[in-house]
Amino acid sequence: MIILTYLALVRRRFFVFVFFSPESCTILPVFRLTGGPAPPAGGGLWELALENRGAGLYNEKKRAQRPQKVRTIMEPIYVMGHRNPDTDSIVSAMAYAALRNAIGDREYVAARLGHVSDETQMVLKKFGFEPPVFVHNVRNQVCDLAYDTPPVLNAGVNVSRAWDVLRADGRIAALPVTDDDGHLYGMLSPGDIASYDMQSIYRPHVDEIPLFNLISALEGRIINEAGDMVDTISGDVVIALPQAHGCPVIKDRNAIVICGQQDALVREAIEAGVRCVILCQAEPDEAARSAAGTCVITTSFDAYRAARMIYQSIPISRICRRTDLISFRLRDYIDDVRELVLKSRYRSYPILDDNDSVVGTLSRFHLIRPKRKRVVLVDHNEAAQSVPGLEEAEILEIIDHHRLADIQTSSPIYFRNEPVGCTATIVAGMYQEKGLVPSEKLAGLMAAAIVSDTVMFKSPTCTERDRRVAERLARIAGISLEALGREIFSVAASDSRPADEILTTDFKDFHIAGHNLGIGQVTCLNSDDVLRRKQEFLDAMDRRMQEKDYDMMILMLTDVLKDGTEIIYRGDEETIRQAFNVPCRDNAAFLPGVMSRKKQVIPMLSVLWG
């Protein structure tokens, strides 16, 4: 009789099974813990079985069949907004990843491409969220390859054991060899073993073979007490065949004598004090069993095979390749790896993790079609604003509310572009389409994104749908949109923040009719306080224009209370005057009614520049 107890905590993905056997009075717990994908490093699904082996529950056969640890890799799909992310970019990525995971797609991970602004940090903290993982780029890395994971051998393993491993799988080009700490020691290929084996024909000599290695290779045993006192064996290997005039070689004390049922020769060798006598398919006599100065070993192998196995009992550390090793790390970029591989002629290269432990090997054919990272883009569809290395990634979806730009894909994808004021509005609509109500905290987070991106519904990009969705989310979260807006915009341009940081918090690059333009935008409740630091911003612009080769830079100080935008600029003053038809003074101007960068500033400059 077996009683089964099952406990499942679904949301935490933690399962416990308990088996109880009254006959053996043994409790057998089996734990299963599954987790989602990990940050740029790699991600995965781990399953661990911990078993308490009760008396009489398992026999040896079942133990041998039971896996100890299973690792199944689940590649993440990164949901990411644009560079220098604003609140909408961060929140939309988090909300969409949460939506997909909630309906069963567990591999979606929210990501960000830049620093989290003070405004966004405040919003996240207010509703109890951590920032998404930071992704530097999505270039293909070694960790994206379907590399080989051959057995990794310790440097002390003998050649015979290594050859068995290589022979078991003919596809293995070379085996990684590690030291006792698991770090790379060398590489062993079939060619290394063959080269050493050929050398043994011309030089039948071995040095300091560990006795344990020799016994293992010969599948033999020591029959005299003196043999138990020996740790290593050295000397010339001699197959002592019967000869008419005796065998003068056994007079050499450094000899390792291999013979059969030749009692007289064995006694002669022992009297001569040779290092070792190996009896092949023979019954030892009393002289062999009581030999005092010689290690006597018996084996079921014939003389020829015993001789070959002696050479294969040396540690692989002596024959593996240790010089000119080329290894790669999981985080190395494939472009760099490919360049090194093309300059070398090795068939296999070891792969190391961050702890310098060997995790696998790669060959040239692994580099032909690497597995690309998968991404979903939100709040943008322009390559210049997206993650570096996007051309090497696989774009699965785009969800955006901006104009169509220049991103191209190799196959059709799901593209959702709607004329609303905030991407979070679109994502909230997708929750409704899936019949899923966001949690109170997530609803508050999305409401904050809409308030921020529509500038408390005063932006010309704002639609009635943005307002309705924000109000519905606010009711779910139990918050006031007006109070939330004042809280958001009160932290946008704090005096404690450096001018460079404020300038680049919400910053985008544009290329219009041959002109390189950079525009940053800060939404605040009192732009006059920020304008007092105008010279700091101008100095920061000068530095950035020199670094990025901009033709013009603009910092928009969008004032919620003034219902307009103060701009600070560097570049051609006449361009600002003609584009916006406003007076300019000391690299500053006020644009009444201007709240949107994409709908009011960029279009005017585009018309002027053609």
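Residues numbered from 1 in each chain as written. Predicted model: local features only at pLDDT ≥ 70, side-chain atom pairs only at ≥ 80, totals over all residues. Heavy atoms only, no water.

**Details of the overall build of the chain**
Right, so step 1: Along the chain, the regular secondary structure elements total 19 helices and 28 strands.
Right, so step 2: The burial tally for the chain puts 50% of its 610 residues in the buried class.
Right, so step 3: Across the chain, the fraction of contacts at a sequence separation of at least 24, relative to all contacts at a separation of at least 6, is 59%.
Right, so step 4: Of the roughly 30200 Å² of accessible surface on the chain, a fraction of 51% belongs to carbon and sulfur atoms. (Helix = DSSP H or I, 4+ residues; strand = E, 2+ residues; numbered from the N terminus. Buried < 20%, exposed > 50% of the residue type's maximum accessible area, 1.4 Å probe, protein only. Contact = heavy atoms within 4.5 Å. Areas by Shrake-Rupley, 256 points an atom, 1.4 Å probe, with all protein chains shown as cover.)

**A short note on a nonpolar patch on the surface**
Right, so step 1: Residues Met198, Ile201 and Tyr202 make up a contiguous nonpolar surface patch of about 390 Å² in total accessible area.
Right, so step 2: Residue placement: Ile201 occurs in helix α5 (residues 190-202). (Patch = residues over 30% accessible without salt bridge, like charges linked within 9 Å, V, L, I, M, F, W, Y side chains within 5 Å. Salt bridge = Lys/Arg side-chain N within 4 Å of Asp/Glu carboxyl O.)

**Details of the packing of helix α3 (residues 118-126) against helix α14 (residues 481-489)**
Right, so step 1: Axis separation between α3 and α14 bottoms out at 9 Å; the angle between their running directions is 135°. By the angle between their directions, the pair α3 and α14 is classed as oblique. Facing Glu119, Met122, Val123 and Lys126 of α3, the residues of α14 in contact are Leu484, Glu487 and Ile488.
Right, so step 2: For the contact of α3 with α14, the residue count by class is four nonpolar, no polar and three charged. (Axes fitted to C-alpha atoms, helices over the stretch in contact; angles between N-to-C directions. Parallel < 35°, antiparallel > 145°, perpendicular 65-115°, else oblique. Nonpolar A, V, L, I, M, F, W, Y, C, P; charged D, E, K, R; others polar.)

**Brief notes about the sheet that holds strand β11 (residues 184-188)**
Right, so step 1: Pairing within the open sheet is mixed, and its three strands lie in the order β9-β10-β11. Both edges of this open sheet fall to β9 (153-154) and β11, since each of them pairs with a single strand only.
Right, so step 2: Pairing analysis gives four bridges linking strand β10 (residues 175-178) to β11, with the strands arranged antiparallel. Bridge assignment links Thr178 to a residue of β11, and that residue is Leu184.
Right, so step 3: Against the sheet, helix α4 (residues 159-168) touches β9, β10 and β11, its axis set at about 150° to β10. (Pairing = 2+ DSSP bridges.)

**Description of the pairing of strand β26 (residues 552-559)**
Right, so step 1: Counted residue by residue, β26 has eight buried out of eight residues, so it is predominantly covered.
Right, so step 2: By the alternation rule, side chains of β26 split into Met552, Ile554, Met556 and Thr558 and Met553, Leu555, Leu557 and Asp559, which are all buried.
Right, so step 3: By the bridge criterion, eight bridges tie strand β25 (residues 515-524) to β26 in an arrangement that is parallel. The partner of Thr523 across the bridge, within β26, is Thr558.
Right, so step 4: Two elements, β26 and strand β27 (residues 564-570), share seven bridges in a ladder whose sense is antiparallel. Bridge pairing links Ile554 to Tyr569 in β27.

**A few points about the side chain of Thr120**
Right, so step 1: Along the chain, Thr120 turns up in helix α3.
Right, so step 2: A polar atom in the side chain of Thr120 sits 3.0 Å from the side chain of Ser117.
Right, so step 3: Setting aside chain neighbours within four positions, we find Thr120 in contact with Asp86, Thr87 and Ile90. (Polar contact = N/O pair within 3.5 Å; in protein donor to acceptor, adjacent residues only side chain to side chain.)

**Describing the environment of Pro412**
Right, so step 1: Its location among the elements puts Pro412 in the loop between β22 (394-400) and β23 (414-417).
Right, so step 2: Using a relative accessible area of 82% as the deciding quantity, one classes Pro412 as exposed.
Right, so step 3: Between the C-alpha atoms of Pro412 and Glu397, which are 15 residues apart in sequence, the distance is 9.4 Å.

**Overview of the pairing of strand β20 (residues 358-362)**
Look at any regular strand and the pattern is simple: side chains alternate between the two faces of the sheet.
Right, so step 1: The buried count for β20 comes to four of five residues, which makes it a mostly enclosed element.
Right, so step 2: Hairpin remark: strand β19 (residues 349-352) followed by β20, antiparallel, with five residues in the connecting loop; positive phi at Asp356, about 65°.

**Overview of the packing of aromatic side chains**
Right, so step 1: In total, this model carries four aromatic pairs according to the counting rule given.
Right, so step 2: Residues Phe328 and Tyr349 carry aromatic rings whose centres are separated by 5.7 Å and whose planes lie at 50° to one another, so their mutual orientation is tilted. One end of the pair, Phe328, is in strand β18 (residues 328-329); the other, Tyr349, is in strand β19, with 21 residues separating them in the sequence.
Right, so step 3: Tyr349 sits in the buried class, given a relative accessible area of 0%.
Right, so step 4: For the pair Tyr346 and Tyr349, a centre-to-centre distance of 6.2 Å together with 70° between the ring planes defines the contact as edge-to-face.
Right, so step 5: With relative accessibility at 25%, the residue Tyr346 sits in the partly exposed group.
Right, so step 6: Pairwise contacts between aromatic rings join Phe328, Tyr346 and Tyr349 into one cluster.
Right, so step 7: Over the ring of Phe127 we find Lys126, and its NZ or CZ is 5.9 Å from the ring centre.
Right, so step 8: Positioned above the aromatic ring of Tyr333, the side-chain terminus of Arg139 is 3.9 Å from the ring centre. (Phe/Tyr/Trp six-rings, centres within 6.5 Å; stacked < 30°, edge-to-face > 60°. Lys NZ or Arg CZ within 6 Å of the ring centre and 35° of its normal.)

**Some points on the confidence of the model for the chain**
Right, so step 1: The predicted model of the chain has a mean per-residue pLDDT of 83, with 85% of residues at 70 or higher.
Right, so step 2: pLDDT under 50 marks residues 1-72. Its contacts with residues more than four places away, or in other chains, come to 120 contacts. (pLDDT = per-residue confidence, 0-100.)

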